[in-house]
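One letter stands for each residue in the lines below.
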Amino acid sequence: MDLDEFKTRNAPKEGGDVFQLENSKLLDVNVNGSVMAKAGSMIAYEGDISFEQKSSGGLTGMLKKKATGEGSTMMKASGNGQLFLADEGKNVQVIELDPGEEISVNGNDVLAFEDRVEWDIKTISSISGASAGGMFNVFLKGPGFVAITTHGDPLVLETPVRTDPQATVAWSGNVSPGSHRDMNLKSFIGKTSGETFQLDFGQPGGWVIVQPYEEVGPEQ
C-alpha cells in the first residue's frame, strides 16, 4: 500500500466510548477530567494531559507495594485529550462495570479504569502465605469502564472451578479463592507449579478469567 493508504488505515478511530480499542493491543481513552492507568503504559497522547503516580490506600498502599513487590502502581492522567495505552503487546479487554459491580484483578493485569471506579489493593487472606500471583489483587468497584490485559484471548469459566494461579487474571467480586494442593503431581513434576497448587473457587454463581499463558510474577 502507498503511504496515504497506510496512514488512513492506521489512523485513530473517531468517536466511541470513553474507553475504545484501536486494535486488540491498544486502548484509546478519551480523557475529560482524569483516568487511572498502569504506570508506564502510556505510548502517546494528544491534547493537554498531565501524569501523577498514585498508590492505593495512601501510605498503607505504598507500604503494601514495597513489602510485596506486586505490580499495581498506578498513574493518574488528568486533563483533556486522547490517551493511548498498551502493555508489552498483551491483548486489551474492556469491561463496563455497573453500579456496585466488583471485579478482582491481578495487579499486573490492570491497564486502566475510570477515576469514578473505586479501587484498592487487598490481600486474599484465604491463600495468604501461598506462592501465588493472585495473593495481592486490585479490587475495582463500579460504575465505570475498566481495561485489563491478557496474554492471548481470555477464557471465562463459571464457578466452581480450580485454576492455575499464574494463568488467572481476574474473578467476579462475589467469589473468593481458597487454595488446593495436589501432592500426587509434585513427585513427577519436580517443581512447584500451577499443577501442584491451584486457586480453588468453590462458590457457585461467579466467574473467573484465565489466559493461555503462565505469568511468573508481577513486574518489579
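A brief structural summary. (Residues numbered from 1 in each chain as written. Predicted model: local features only at pLDDT ≥ 70, side-chain atom pairs only at ≥ 80, totals over all residues. Heavy atoms only, no water.)

**Some words on the overall build of the protein**
Counting secondary structure elements, the protein contains three helices and 16 strands. Across the protein, the fraction of contacts at a sequence separation of at least 24, relative to all contacts at a separation of at least 6, is 78%. Only carbon and sulfur atoms are counted for the fraction: they give 50% of the accessible area of the protein, which is about 11200 Å². (Helix = DSSP H or I, 4+ residues; strand = E, 2+ residues; numbered from the N terminus. Contact = heavy atoms within 4.5 Å. Areas by Shrake-Rupley, 256 points an atom, 1.4 Å probe, with all protein chains shown as cover.)

**Quick word on the environment of S176**
For S176, the location among the structural elements is in the loop between β13 (168–172) and β14 (178–181). Residues S176 and G206, spaced 30 residues apart in sequence, show a C-alpha to C-alpha distance of 9.3 Å.

**What to know about the environment of T8**
Mapped onto the elements of the fold, T8 is located in helix α1 (residues 3–9). Using a relative accessible area of 63% as the deciding quantity, one classes T8 as exposed. Among the polar contacts made by the side chain of T8, one reaches the main-chain carbonyl oxygen of D4 at a distance of 3.0 Å. (Buried < 20%, exposed > 50% of the residue type's maximum accessible area, 1.4 Å probe, protein only. Polar contact = N/O pair within 3.5 Å; in protein donor to acceptor, adjacent residues only side chain to side chain.)

**Some details on the side chain of S172**
Here S172 is to be found in strand β13. At a separation of 2.6 Å, a polar atom in the side chain of S172 contacts the side chain of N174. Here S172 is in contact with E102, G206 and W207, once residues within four sequence places are set aside.

**Quick word on the packing of aromatic side chains**
A full pass over the atoms with the stated rule returns four aromatic pairs. Residues F113 and W119 carry aromatic rings whose centres are separated by 5.6 Å and whose planes lie at 55° to one another, so their mutual orientation is tilted. Accessibility expressed as a relative area gives 21% for W119, which makes it partly exposed. (Phe/Tyr/Trp six-rings, centres within 6.5 Å; stacked < 30°, edge-to-face > 60°.)

**Considering the sheet that holds β14**
Pairing is antiparallel across the open sheet formed by three strands, whose spatial order is β12-β15-β14. Two strands in the sheet have a free side with no partner beyond their single neighbour: β12 (161–163) and β14. Between one strand axis and the next, the sheet turns by 35° as a mean value, whatever way the strands run. (Pairing = 2+ DSSP bridges. Axes fitted to C-alpha atoms, helices over the stretch in contact; angles between N-to-C directions.)

**Here's the deal with the sheet that holds strand β6 (residues 102–106)**
Strand order in the open sheet made by the six strands is β8-β9-β6-β13-β16-β11, with antiparallel pairing throughout. Of all the strands in the sheet, just β8 (118–123) and β11 (155–158) have a single pairing partner and so form its edges. Averaged over all pairs of adjacent strands, the angle between strand axes in this sheet comes to 25°, irrespective of strand direction. In terms of strand pairing, β6 meets strand β9 (residues 136–141) through five bridges, oriented antiparallel. Residue pairing in the sheet places E102 in a bridge with K141 of β9.

**A short note on a nonpolar patch on the surface**
Nonpolar side chains collect at one region of the surface, where M1, L3 and F6 lie side by side and expose about 360 Å² of accessible area between them. On the secondary structure map, L3 appears in helix α1. (Patch = residues over 30% accessible without salt bridge, like charges linked within 9 Å, V, L, I, M, F, W, Y side chains within 5 Å. Salt bridge = Lys/Arg side-chain N within 4 Å of Asp/Glu carboxyl O.)

**A look at the pairing of strand β15 (residues 197–201)**
Extensive coverage of β15 is indicated by the burial of four of its five residues. Pairing analysis gives three bridges linking β12 to β15, with the strands arranged antiparallel. Each bridged residue has a counterpart across the sheet, and for V161 the counterpart in β15 is F201. Pairing of β14 with β15, which is carried by four bridges, proceeds in the antiparallel orientation. Bridged to S179 within β15 is L199.

**A closer look at the pairing of strand β7 (residues 110–114)**
The two faces of the sheet receive side chains in turn, since in a regular strand these alternate between them. Most of β7 sits out of view: five of its five residues are buried. By the bridge criterion, three bridges tie strand β2 (residues 26–38) to β7 in an arrangement that is antiparallel. Along β7, the bridge assignment pairs A37 with A112. Note: β7 against strand β10 (residues 144–150), three bridges, orientation antiparallel. Within β10, the position partnered with A112 by the bridge is A147.

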